[in-house]
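# Architecture at a glance
Listed below are the residues making up each chain.
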Amino acid sequence: FTGWTGDCSSELTATCTLTMDGNKLVTANFVIDTFTITASAGANGSISPTGTVTVDYGTDQTFTITPNTGYHVVDVLVDGVSVGVVTSYTFTNVQTDHTIAASFAIDTFTITASAGANGSITPTGAVSVNYGADQTFNITSDTGYFVADVLVDGVSMGALTSYTFTNIQADHTIAASFDLVPPVEYTITASAGTNGSIAPTGAVTVTEGATQTFNISANTGYHVVDVLVDGVSVGAVTSYTFTDVQADHTIAASFAIN
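A separate point is the overall build of the protein. The secondary structure content of the protein amounts to zero helices and 26 strands. Relative to the compact-globule value of 18 Å for 258 residues, the protein shows a C-alpha radius of gyration of 47 Å, a clear excess of over 25%. Referenced to the eigenvectors of the C-alpha coordinate spread, the extents of the protein come out at roughly 170 × 25 × 20 Å. Burial statistics for the protein: of 258 residues in total, 24% are counted as buried. Long-range contacts, defined as pairs at least 24 residues apart, comprise 52% of the intrachain contacts of the protein with a sequence gap of at least 6. Accessible surface, the protein: about 15000 Å² in total, of which carbon and sulfur atoms supply 52%.

Below, the structure is given as structure tokens:
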């Protein structure tokens, strides 16, 4: 301040009083105001730009929010107030400091599990599963029934009693169907020698647990000599009944002249 009396050098002020000893040139310099936008992102995603972002007065600033693979944006808070599930936000005509914060959550998918009559699937109904996780389903038939088929997303997987979806990245369906267990059947082979008969005769099919009677008849002038059941004599009987059949058997009758 050569040629001036007074002191304006101690601080920068909007007004300053000096006494001149002649003509002087005074130059004032100005800079634009700047403001700070503090941007942050929670786990499993990002915001760009991030951190402390300096913005000139009156300008705009856009932020891009990006979730990691398998995650989605849950909410974005601007100055502590939710602006919803957005992936981009622009501050316009900035005239003050601001904050922006993004949060994220893992994607979830639904597996719809169902079972037809005479069986069950566990878990059942609409099952929520996180992205990338595994989910096992157990299929159980009722007594007297068996698993006929399991359809996964409409495609047959066969007669399974368990199925696991691995690394889930989409919705799925699983449906189990059941059928009646066919009865176990056994064969009783019945035969008769000459001069007589056995009824029924031949290979006789009998359901497990059932009863089957055979009648032995000698021709006129003849009589039953013996009846062998599974090779063991049961005597000269004219009738024999197998009860609660649980295996194959044989019955053979022989005759002699009176």
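With that out of the way, let us pick up the sheet that holds strand E19 (residues 185-192). What the five strands build is an open sheet, ordered E21-E19-E26-E23-E24; its pairing is mixed. Every interior strand has two partners, whereas the edge strands, strand E21 (202-207) and strand E24 (232-233), have only one. Taken together, the six bridges between E19 and E21 define a ladder with antiparallel strand orientation. Bridge pairing in E21 links Thr189 to Ala203.

Our next topic: the pairing of strand E22 (residues 212-218). One ladder, built from four bridges, connects strand E20 (residues 196-199) with E22; its direction is antiparallel. Residue pairing for E22: Ser197 is matched across the bridge by Ser217.

Position of Gln61 relative to the elements: it lies in strand E6 (residues 61-67). Exposure remark for Gln61: the relative accessible area of 18% places this residue in the buried category. Excluding residues that lie within four positions of it along the chain, Gln61 makes contacts with Ile37, Pro49, Val53, Val55, Tyr89, Thr90 and Phe91.

Right, let's talk about the sheet that holds strand E14 (residues 135-141) for a bit. Pairing is antiparallel in the open sheet, where three strands are placed in the order E12-E14-E17. Two strands lie at the open edges of the sheet, namely strand E12 (119-122) and strand E17 (162-165), each paired on one side alone. Pairs of neighbouring strands in the sheet enclose a mean axial angle of 15°, with direction left out of account. Taken together, the four bridges between E12 and E14 define a ladder with antiparallel strand orientation. From the neighbouring strand, Ile121 faces E14, where its bridge partner is Ile139.

A few words now on the packing of aromatic side chains. Aromatic rings considered in pairs are described by the distance between their centres and by the relative angle of their planes. The full count for this structure, using the stated rule, is eight aromatic pairs. Where Phe109 meets Tyr131, the ring centres are 6.5 Å apart and the plane angle is 45°; that geometry is what we call tilted. With Phe109 in strand E11 (residues 108-115) and Tyr131 in the loop between strand E13 (125-130) and E14, this residue pair connects regions lying 22 residues apart in the sequence. On the basis of relative accessible area, Phe109 is assigned to the buried category, the value being 15%. Each ring, one from Phe137 and one from Phe165, has its centre 5.8 Å from the other, and the planes form 85°; the classification is edge-to-face. With Phe137 in strand E14 and Phe165 in strand E17, this residue pair connects regions lying 28 residues apart in the sequence. Comparing Phe137 with Phe165, the two get one shared label, buried. An aromatic cluster is built from Phe63, Tyr89 and Phe91, whose rings are joined through pairwise contacts.

About the criteria used
Residues numbered from 1 in each chain as written. Predicted model: local features only at pLDDT ≥ 70, side-chain atom pairs only at ≥ 80, totals over all residues. Heavy atoms only, no water. Helix = DSSP H or I, 4+ residues; strand = E, 2+ residues; numbered from the N terminus. Rg over C-alpha atoms; globule rule 2.2 N^0.38 Å. Buried < 20%, exposed > 50% of the residue type's maximum accessible area, 1.4 Å probe, protein only. Contact = heavy atoms within 4.5 Å. Areas by Shrake-Rupley, 256 points an atom, 1.4 Å probe, with all protein chains shown as cover. Pairing = 2+ DSSP bridges. Axes fitted to C-alpha atoms, helices over the stretch in contact; angles between N-to-C directions. Phe/Tyr/Trp six-rings, centres within 6.5 Å; stacked < 30°, edge-to-face > 60°.

All quantities given are derived from atomic positions and should not be read as evidence of function.
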